[in-house]
Every structure is written in structure tokens, then in C-alpha cells.
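Examining the three-dimensional arrangement
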Amino acid sequence: MDKFIVNVIHRPEMVPEYSATVTGQGKEEDLGDTALLTESLDIFKTQQRIAHENGLKVTIQMTYASLFNDEAVEIAKHDHEIYGDEIALSLLGLPCEEFREKYQTKDFCIWMFSMEEKKAIVNDVFEKFYDRFGFYPESTGSYYMDADLTNYIKETYPSVKCAIATCWEEGPKAYHTCNNSWYTLFDGGPWAPWIPSKQNTHAPAANAEEDSGIVAIPHLSRDLIACYDGNGSNFGTHPQNVLRGMIYDTKTWEYPYLYNLIDQYRSLEKYNNGYAYNMMFVGPGWMNKMGRWESPYELLVKSYTDGCKYYGRLKKEGKLDDMTMSEFADYYRAKKSYTEPECALWRDILYGSDKQLFWYCDPYMRVCVNMDQGGAIVDLRPYAAKLEWPVGIGTKHVQDASYPFLIQEKYRAGYFTHYAGEGTIRSAKLSYKGEEVDLALCRTKAHFSEYEEPVSDAAQGVQARSDSGLPQRKKTRVLTLDPVTVEFRDLSVTLQSKLYFAEGSSSVKIERTILEMSDPDAEVILNEYMVACYGTTEYPEDMTGIILKCEGAETKEITYEYRCREASLAGAAAVSAVIPAIETKVSLTAAAHTAEGYIREGYAFSPMFTLGYKKKISDKEVFATWLRLEKAD
């Protein structure tokens with residue numbers, strides 16, 4: 001049965017990060033300001049009332065500051081008893097007089113503290129929670145939770161089973177739209193729930209050994225095109241994200257985009273075995289009495305009321321299950337296997353274009369395929385490396401928690417580049433009599449399908465079986481692109497591309513089929529290529545020491561020195577790059593042993609590397625290549 005699951009999460013911040021600067025405008029900072037505390041609590045009560053009036057259960061994430069407020073604690077206890085709300089604990093909302101006095105800092109992002117301070121704060125907050133409620137929470141969260149923090153919490157407080165663990169694409173794009181002042185950088189993670197690995201929060205666990213012990217959910221459900229292209233804070237299913245993005249009618253105060261966005265999340269069940277997820281995470285700062293995001297208080301309240309009404313209506317119609325965070329964690333554990341991917345074929349619902357992106361995430365990779373660029377891969381995160389990336393004071397990454405990319409069109413240009421150099425992309429080119437066309441210039445549309453096949457037990461030479469004795473089967477997700485026609489001066493070629501994502505394989509197969517040629521006897525050259533680098537921002541990293549290889553009857557190797565060198569090998573078994581800085585090996589292999597593999601070193605102005613295969617192909621011919629990711633030794 002199809003399920004659309006929603007988590008509604010409120011946090012009673014007594015000193016909201018937004019309200020404090022507005023309510024206290026022109027005043028000296030006072031974290032104990034009675035007016036601010038009263039307003040914050042009133043807003044929290046309003047949010048609770050709106051959710052309950054619409055029949056929705058809430059997860060109340062108590063902040064550290066709220067644990068010192070008797071009324072906030074009593075409200076949580078009451079709503080737990082009456083409405084079944086879960087009382088949880090947030091690691092946001094740390095700033096208050098007690099916290100400042102004890103820790104002597106204005107920092108409030110738990111992942112940015114030193115590990116010693118993280119442990120002290122966690123112990124302090126969790127024990128204060130126990131003191132107020134008589135039990136430890138089953139859910140927690142922040143904007144981001146690094147792996148060391150998550151591992152410590154799970155080890156010390158094993159009751160925790162669910163956590164808000166990252167903001168999807170909260171990286172340089174959000175930083176720039178906050179006037180270069182919002183130092184929260186964590187691009188590269190999942191957009192939907194996942195089980196984080198012990199090594200890296202962003203990288204899903206591949207098995208029980210890697211399992212951190214919690215189910216993670218994202219901080220807000222984002223628009224998977226608008227957020228990727230621009231600032232995610234304007235494009236989420238939290239109603240007041242939509243107000244901040246000015247995506248509403250200023251005269252009628254209506255916002256169809258909000259409902260379209262929720263509905264598109266509902267539609268993701270088509271790609272995920274009948275399951276779809278959405279979340280709304282709300283603090284009181286959004287409903288400031290003085291207004292916020294160019295909007296008056298009345299519109300702020302209306303938008304939240306309308307959003308809850310829509311969820312409530314879907315629930316009454318039997319189309320939505322509202323769960324608390326801990327309830328969802330139990331459901332997710334029972335529903336999903338470690339290797340089962342999350343898929344989203346996402347269409348533009350904001351700008352009126354025909355743009356489509358396909359997102360794929362599993363324990364080995366996160367991939368984005370852009371149909372406006374001919375089905376090219378435009379974002380690739382190599383989770384197979386399970387890169388350990390300590391974050392916070394005392395580490396190499398005080399603020400930058402992003403999972404590094406190999407391909408990222410926003411930070412490394414993609415196909416559409418400056419007059420010199422290259423951008424990162426995985427695409428293909430067709431050449432004929434001196435003319436060359438990149439498939440990234442051929443817009444297309446995609447269709448999703450999947451099929452199952454038995455898993456063989458190599459040791460026994462028979463089909464593998466699960467612990468229950470049932471035959472094991474694995475699924476392959478297929479993205480089939482509409483055919484495109486490439487026009488040369490005296491030849492037209494119609495070609496179709498398919499991308500195959502075999503569960504648990506750590507690879508993507510790309511298959512090109514020549515459907516028709518105006519001259520059936522002609523031959524064209526197909527150049528399957530990948531331009532890549534590594535990084536987390538727009539700025540280049542040191543590529544020195546990357547090792548490029550062509551392997552086959554012989555091995556040709558280039559150690560990266562920014563010298564524009566190239567090497568090729570007929571019948572290459574593989575072309576690869578090892579990137580020591582991110583402990584990753586990426587390779588391309590080809591089905592045809594007659595294809596020519598090649599590697600290419602970049603230069604300082606264009607610090608990339610290229611892997612590729614070239615092959616002559618003719619009418620009705622099929623050529624397949626595989627992109628594989630591994631952890632480098």
C-alpha cells in the first residue's frame with residue numbers, strides 16, 4: 001500500500017535566532033528579555049494549536065533554553081498525554097543565559113564545537129532533559145550532526161533512534177544569498193531519510209557494521225530543482241520558506257506552489273516502492289509579531305495554518321500518515337534495506353520550464369542526471385569512500401561539513417563553460433567528418449522503470465538466499481531518455497541513452513543505442529567522457545598526486561602535475577583516477593574491448609582530469625560503459 005509519511009516538528013526556542021534580532025531591535029542584547037520569552041512561548045503554543053486542530057501529531061524538540069522554562073515543559077507533557085506528541089530534544093536553541101554563563105561562547109552550532117565541548121554539551125543537555133522529564137529522548141537533531149557527534153550520542157544515550165542530521169544543499173549557494181555570513185556548509189547529503197554511516201553522516205550505511213544506529217531525516221524537504229539551482233531556504237515545504245522566496249500572490253495571499261511542492265513529494269512513491277516522505281520543522285522565530293520575510297504576522301500565521309490544513313485534509317482522506325520521529329524511525333527500519341536507493345525524478349514546478357532532474361542516492365554514491373543537458377551526470381558524490389571528515393574547532397574543517405564532489409555543475413561549470421578550460425560533467429560526444437556535437441546540448445526527457453533479477457551465490461554456484469530462506473533478488477533502476485537527433489552537415493543520427501543503477505553495485509551503466517542514421521553505412525565516433533576534480537566549494541583544490549591510469553595489455557600512468565599530458569590505449573580494460581585527498585577511486589570501463597581508453601591531465605587554469613572511451617559505431621549498434629566508484633587503498 002502506498003504511504004505518504006509526514007513528520008511535523010516544533011521546537012520551543014526561548015531565544016529564537018530570528019526573533020531576537022527583531023524584537024530586540026535597538027536594544028542591548030538580553031537573553032532573558034521577558035517580552036521575547038513570552039512571545040516565543042506564545043508562538044510555540046500557536047503552532048501546537050494549529051497542528052492539533054488539524055489532527056496532526058507533533059514531535060516537540062525541546063531546546064536547552066526551553067528546559068529551564070516550567071511552562072514550556074508543562075506544555076510538552078500535556079500535549080504528549082493528550083495528543084500523542086513525542087517529547088524529543090533539539091541541539092538547536094542552545095543560546096540562553098545558562099549556556100552563555102557556563103560555556104562562555106556565542107557559538108550555537110553543535111557541530112562546530114570541539115569534540116571535547118560537543119561531549120560536554122550533549123551530556124549537559126541530555127541530563128537536563130532527563131531531570132525535567134524522567135526519561136531520555138528517542139529523537140534529537142540539529143541543522144547538521146557530524147559522525148563523531150552522532151556516534152557519541154548513540155553510545156552514551158542509546159535510546160536515541162532518530163535525528164535531524166543535515167540540511168539538503170545548505171552550502172555555498174545559501175552562504176552567498178545570506179550576504180556571505182551564514183557559515184553552515186553541508187552540501188552533498190541525502191534529500192530524504194537515510195541511515196548514516198559511522199564514518200560520515202552524509203554517506204548512508206552499506207551494512208550493519210557501518211550503521212550509526214540512528215535513522216536520519218533532513219532539515220526540511222526541499223524543491224530538488226529550485227534548491228539545487230539557488231538558495232534552498234526559499235524553496236521548502238515549510239510554508240514560510242515559500243514566503244521568504246516571495247512565491248505567493250501578494251494580493252490574495254495564496255501559494256499554490258506550496259501545495260504543488262507537497263504533491264511532488266507525494267509522487268515520489270512511484271520511484272521508491274510505494275513510499276514517500278515529507279517533513280516540516282518549525283521554530284517560533286518564523287512567526288514574529290513584527291512580521292518576517294517581507295510578510296506581516298497575519299500572513300505568517302495564515303501560511304502555517306493553510307499548510308497544516310492541507311496535511312490534515314490528506315490525512316482525513318487516508319492519503320497521509322502523520323508520525324512522530326521515533327515512530328518513523330521504526331517504520332523506516334522495517335521498510336528499507338541498507339542498499340535500497342532513494343530515487344526522485346523531479347520536474348520544475350516553479351519557473352514553468354520543462355526541466356527534469358533525476359536524483360539517485362545509495363550507500364555508494366549520490367548522482368544527479370540533468371535532462372536539460374542530454375542526460376549528463378552533473379553532480380556526483382563518491383560515498384563509496386565513506387570519507388571520514390571530522391568537523392568543528394580543532395579539526396581541518398571548522399565549518400565545512402560538505403561531502404566532496406567529483407562532479408558539480410554549479411561549482412565547476414558543467415558543460416557550459418568559459419572560452420577556455422572545461423567544467424565537470426559525465427557526458428558523450430558524437431563526431432563525424434570533423435564535426436563534433438556534445439549530447440549535453442541535446443535536451444531530452446526521462447522515464448523511470450525498474451526490474452528485478454536473482455542474486456547468485458558465487459561460492460555455491462546457485463541463487464543466493466536470505467536469512468529467511470527466500471531467494472534474494474536485487475533491483476535495477478533504469479532511466480530511459482527520449483531519443484535525440486544529432487544533425488551533421490550530411491548525416492543525421494538518432495540516438496537513445498539509458499542509465500542503469502544496479503542496487504549494491506557501486507556503478508552506473510550508460511548505454512547508447514544508434515536507432516537510425518540517414519546513411520546506414522556511415523560510421524561516427526562516440527566519445528564517452530567524464531571531466532572531474534574534487535572539492536566542496538567553487539575554489540580549486542590541490543590536484544597534485546592524483547594518479548590517472550589506462551589499464552589493459554599494458555598500463556599507462558600519469559601523476560597529476562598540471563602539465564596537460566594525455567595517454568591512450570586501444571582495448572583498454574579500464575581508465576581510472578585515484579584521488580588520495582578524498583580516498584576515492586573512480587573508473588570507466590567499456591563493454592567493447594575494441595574501444596580506445598584515454599586519460600587527460602588538466603592545467604592550472606582548468607584543474608580537472610578527464611577519463612574516456614572512443615569507439616566507431618554504426619547504425620543499430622549499442623555501446624555501453626560503466627562508471628564505478630571505490631574506496632582507494
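Description of the structure in this document.

Criteria and cut-off values
- Residues numbered from 1 in each chain as written.
- Predicted model: local features only at pLDDT ≥ 70, side-chain atom pairs only at ≥ 80, totals over all residues.
- Heavy atoms only, no water.
- Helix = DSSP H or I, 4+ residues; strand = E, 2+ residues; numbered from the N terminus.
- Contact = heavy atoms within 4.5 Å.
- Expected span 1.5 Å × (residues − 1).
- Buried < 20%, exposed > 50% of the residue type's maximum accessible area, 1.4 Å probe, protein only.
- Core = buried A, V, L, I, M, F, W, Y, C linked by side-chain atoms within 4.5 Å.
- Pairing = 2+ DSSP bridges.
- Axes fitted to C-alpha atoms, helices over the stretch in contact; angles between N-to-C directions.
- Polar contact = N/O pair within 3.5 Å; in protein donor to acceptor, adjacent residues only side chain to side chain.
- Salt bridge = Lys/Arg side-chain N within 4 Å of Asp/Glu carboxyl O.
- Phe/Tyr/Trp six-rings, centres within 6.5 Å; stacked < 30°, edge-to-face > 60°.
- Lys NZ or Arg CZ within 6 Å of the ring centre and 35° of its normal.
- Left-handed = near helix turned anticlockwise from the far one by under 90°.
- Nonpolar A, V, L, I, M, F, W, Y, C, P; charged D, E, K, R; others polar.

1. Section: the side chain of Asp306
Here Asp306 lies in helix H11 (residues 297-316). In this structure Asp306 touches Tyr255 and Tyr259, once residues within four positions along its chain are discounted.

2. Points about H11
An α-helix turns once per 3.6 residues; consequently, residues spaced three or four apart project the same way. The terminal C-alpha atoms of H11, which comprises 20 residues, lie 28 Å apart, in line with the 28 Å expected from a rise of 1.5 Å per residue. In terms of residue burial, H11 counts as a mostly covered element, since 14 of its 20 residues are buried. One or two residues past the end of H11 sits Gly318, with phi positive at roughly 75°.

3. What about the nonpolar core?
By size, the foremost hydrophobic cluster in this structure holds 204 residues, and its most contacted members are Met62, Phe328, Phe358, Leu380, Val586 and Phe609. With residues near it in sequence (within four places) discarded, Phe358 still touches Cys343, Ala344, Leu345, Val367, Cys368, Val369, Met371, Phe448, Leu479 and Phe501.

4. Quick look at the sheet that holds strand E5 (residues 162-166)
Spatially, three strands are ordered E4-E5-E6 in an open sheet, and the strand pairing comes out parallel. Both outer strands of the open sheet, strand E4 (139-141) and strand E6 (215-218), are each paired with one neighbouring strand and no more. When the angles between neighbouring strand axes are averaged without regard to direction, this sheet yields 30°. Packed onto the sheet, helix H12 (residues 325-335) meets E4, E5 and E6 and runs at close to 115° relative to E6.

5. Digging into the side chain of Arg366
Along the polypeptide, Arg366 turns up in strand E11 (residues 365-370). Among the polar contacts made by the side chain of Arg366, one reaches the side chain of Glu169 at a distance of 2.9 Å. Among the polar contacts listed, one links the side chain of Arg366 to the backbone oxygen of Gly189, at a separation of 2.8 Å. The contact partners of Arg366, leaving out residues within four places of it in the chain, are Trp168, Glu169, Gly188, Gly189, Trp191, Trp359, Tyr360, Cys361, Asp379, Leu380, Arg381 and Tyr383.

6. Re the environment of Val122
In this fold, Val122 is placed in helix H5 (residues 115-133). The class for Val122 is buried, based on a relative accessible area of 0%. Taking the C-alpha atoms as reference points, Val122 and Thr156, separated by 34 residues in sequence, lie 9.4 Å from one another. Apart from residues lying up to four places away in sequence, Val122 is in contact with Leu149, Tyr152, Ile153 and Tyr157.

7. Concerning the environment of Leu37
By the secondary structure assignment, Leu37 is in helix H2 (residues 34-53). Taking relative accessible area as the criterion, Leu37 reaches 24% and is therefore assigned partly exposed. Considered as a pair, Leu37 and Glu621 are 584 residues apart in the sequence and their alpha carbons are 70 Å apart.

8. Re the pattern of salt bridges
For the structure shown, the criterion picks out 45 salt bridges. The shortest N-O distance in the salt bridge between Lys45 and Glu71 comes to 2.6 Å. In this pair, Lys45 sits in helix H2 while Glu71 sits in helix H3 (residues 70-83), placing the two residues 26 residues apart along the sequence. When the shortest N-O distance is used, the salt bridge between Glu210 and Lys386 registers 3.8 Å. On the criterion of sequence distance, the pair formed by Glu210 in the loop between helix H7 (172-177) and E6 and Lys386 in the loop between strand E12 (376-381) and strand E13 (407-408) is long-range, its members being 176 residues apart. Note on accessibility: Glu210 and Lys386 belong to one class, buried. A single salt-bridge network, built from bridges that share partners, covers Glu169, Arg366, Asp379 and Arg381.

9. Digging into the packing of aromatic side chains
By the definition in use, this model includes 35 aromatic pairs. Ring geometry for Phe99 and Tyr103: centres 4.7 Å apart, planes at 35°, overall tilted. With a gap of four residues between them, Phe99 and Tyr103 both fall in helix H4 (residues 97-103), about one helical turn apart. The two residues Phe99 and Tyr103 agree in class, both being buried. Between the aromatic rings of Phe328 and Tyr331, the centroid separation amounts to 6.3 Å while the plane-to-plane angle is 35°, which identifies the pairing as tilted. Placement of the pair is Phe328 and Tyr331 together in helix H12, with a separation of three residues, close to one helical turn. For Tyr331, a relative accessible area of 16% puts it in the buried group. Within the aromatic cluster, the residues linked to one another by ring pairs are Tyr64, Phe68, Phe99, Tyr103 and Phe113. Looking at Arg11, its charged tip hangs above the ring of Phe281, at a distance of 4.5 Å from the centre.

10. Observations regarding H5
Here H5 is 19 residues long and its end C-alpha atoms lie 27 Å apart, about the 27 Å a rise of 1.5 Å per residue gives. By the burial criterion, the buried members of H5 are Lys118, Ile121, Val122, Asp124, Val125, Phe126, Lys128, Phe129, Arg132 and Phe133. Taken from the residues just after H5, Gly134 is the one with a positive phi, measuring 85°.

11. Some details on unusual backbone geometry
Positive phi is not limited to glycine here, since Leu220 has a value of about 80°. Residue position: Leu220 is located in the loop between E6 and helix H8 (226-229). You can call Leu220 buried: its relative accessible area is 3%. At Met246, a residue that is not glycine, the phi angle is positive and equals roughly 60°. Relative to the assigned elements, Met246 resides in the loop between helix H9 (239-244) and helix H10 (256-267).

12. Brief notes about the packing of H10 against H11
For the pair H10 and H11, interaxial distance at closest approach is 11 Å and the crossing angle is 35°. H11 is crossed by H10, and the crossing has right-handed handedness. Judged by residue contacts, Leu258, Tyr259, Ile262, Asp263 and Arg266 of H10 engage Asp306, Gly307, Tyr310, Tyr311 and Leu314 from H11. A breakdown of the residues in the contact of H10 with H11 according to their chemical character gives six nonpolar, one polar and three charged.

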